[in-house]
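Survey of secondary and tertiary structure
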Amino acid sequence: GSLRLMSLINSTAIPSSGGYEIDQSLRFNDGDSAYLSRTTSSAGNRKTWSFSVWFKRGNIGGTNNTANKDAIFGGINGDNHIRIGDDFLQWYNYDGSADYGWISEAVVRDTSAWYHALWVLDTTNSTATQRQRIYLNGIELTARSTDYGNPPLNFQGLINSAGVHTIGVNTSVLNQLFDGYLAEVNFVDGQALTPADFGETGDYGEWKPKRY
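On a predicted model such as this, the values are computed, not experimentally measured, just so you know.

Ordered in space as β1-β12-β3-β8-β9-β10, the 6 strands form an open sheet in which the pairing is antiparallel. Strands at the two margins of the open sheet, each flanked by one partner only, are β1 (26-28) and β10 (139-140). One ladder, built from 2 bridges, connects strand β9 (residues 132-136) with β10; its direction is antiparallel. For Y135, the partnering residue across the bridge sits in β10 and is E140.

Structure below.
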């Protein structure tokens, strides 16, 4: 089936020095083909949205040219997704004829650490480089030179269209399975949010969650 529910695991709490603590997560085992799926009946805002997630990787590797990439979120088809490939944070946006996206310079290779990532699409922004942004632990990332480019003004991607969306796998390919833990997943329709909406800096400089 397209929907598989994993048990909540209290022992994988995201560390927090006081304040809001996320004490439950979902364990995705790529060997079990575990993922979540939802089919939306109506479209939301396809120009502006924010996707926030805390994740802990189960393994590293998975090159950009194999099926071993860790997809975190997908929408409508295989060209609209958020994923980790070659240990870089990536995303692609497609409107049915052209695709845009980029790959981060930063890598996520620590399987013992929780990371917070925020992807923001806002094609109403007049600055081209601000139309698709990725933040890692509160810091805005820069793209490698191998990026696919920024979408044009008021571009409408297929994510947030009416149709199937997935967590833990690429939507139509269904073979870029995420392996690890995901927690506090938020997809916010119609708003270009910032890391401060989901986290804050602790007393020792660590990035920690707060209630959205």
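The discussion continues.
Turning next to the packing of aromatic side chains. In total, this model carries 11 aromatic pairs according to the counting rule given. The interplanar angle of 80° and the centroid separation of 6.3 Å between the aromatic rings of F28 and F178 together place this pair among those described as edge-to-face. Taken as a pair, F28 in strand β1 and F178 in the loop between β11 (163-167) and β12 (180-189) lie far apart in primary sequence, 150 residues in all. You'll find F28 and F178 in the same group, each marked buried. Ring geometry for F198 against Y212: centres 5.0 Å apart, planes inclined by 20°, an arrangement best described as stacked. Here F198 is found in the loop between β12 and β13 (199-201), whereas its partner Y212 is found in the segment after β14 (207-209), with 14 residues between them in sequence. With a relative accessible area of 3%, F198 lands in the buried category. One residue, R27, lies across the ring of Y181, its end atom 5.3 Å from the ring centre. The positively charged end of R144 is found above the aromatic ring belonging to F88, 4.3 Å away from the centroid.

Before going further, it helps to spend a moment on the sheet that holds strand β6 (residues 88-94). Backbone hydrogen bonds are what pair the strands of a sheet, in a parallel or an antiparallel way. If you trace the 6 strands from one edge of the open sheet to the other, you get β2-β11-β4-β5-β6-β7, paired in antiparallel fashion. The open sheet terminates on both sides in strands that have one partner only, identified here as β2 (36-40) and β7 (99-107). Across this sheet, the average inter-strand angle for adjacent strands is 20°, counted without regard to direction. Summarising the sheet, β6 and β7 pair through 6 bridges and their orientation is antiparallel. Residue N93 lies in a different strand from β7, and its bridge partner there is Y100.

What counts and how
Within each chain, residue numbers correspond to sequence positions counted from 1 in written order. Totals for whole chains, interfaces and linings use all residues, but because this is a predicted model, local features are given only for residues with pLDDT of at least 70 and pairs of side-chain atoms are given and counted only at 80 or more. Values shown for side chains rest on all heavy atoms present in the structure; no hydrogens or waters enter the calculation. Here, a strand pair is defined by DSSP locating no fewer than two bridges between the strands. Going along the chain from the N terminus, every DSSP run of H or I of four or more residues is numbered as a helix, and every run of E of two or more is numbered as a strand. Here the aromatic set is Phe, Tyr and Trp, taking the six-membered ring for Trp, and pairing holds for ring centres within 6.5 Å; pairs whose planes are under 30 degrees apart are stacked, those over 60 apart are edge-to-face, and all others are tilted. Only protein chains enter the area calculation, which uses a 1.4 Å probe; residues under 20% of their type maximum are buried, those over 50% are exposed, and those in between are partly exposed. We count a charge as sitting over a ring when the NZ of a lysine or the CZ of an arginine lies within 6 Å of the ring centre and within 35 degrees of the ring normal. Axes, fitted as lines to C-alpha atoms, cover a helix only where it is in contact. Angles between the N-to-C directions of the axes lie from 0 to 180 degrees.

From the geometry alone we can't say anything about function, so treat these as descriptive.
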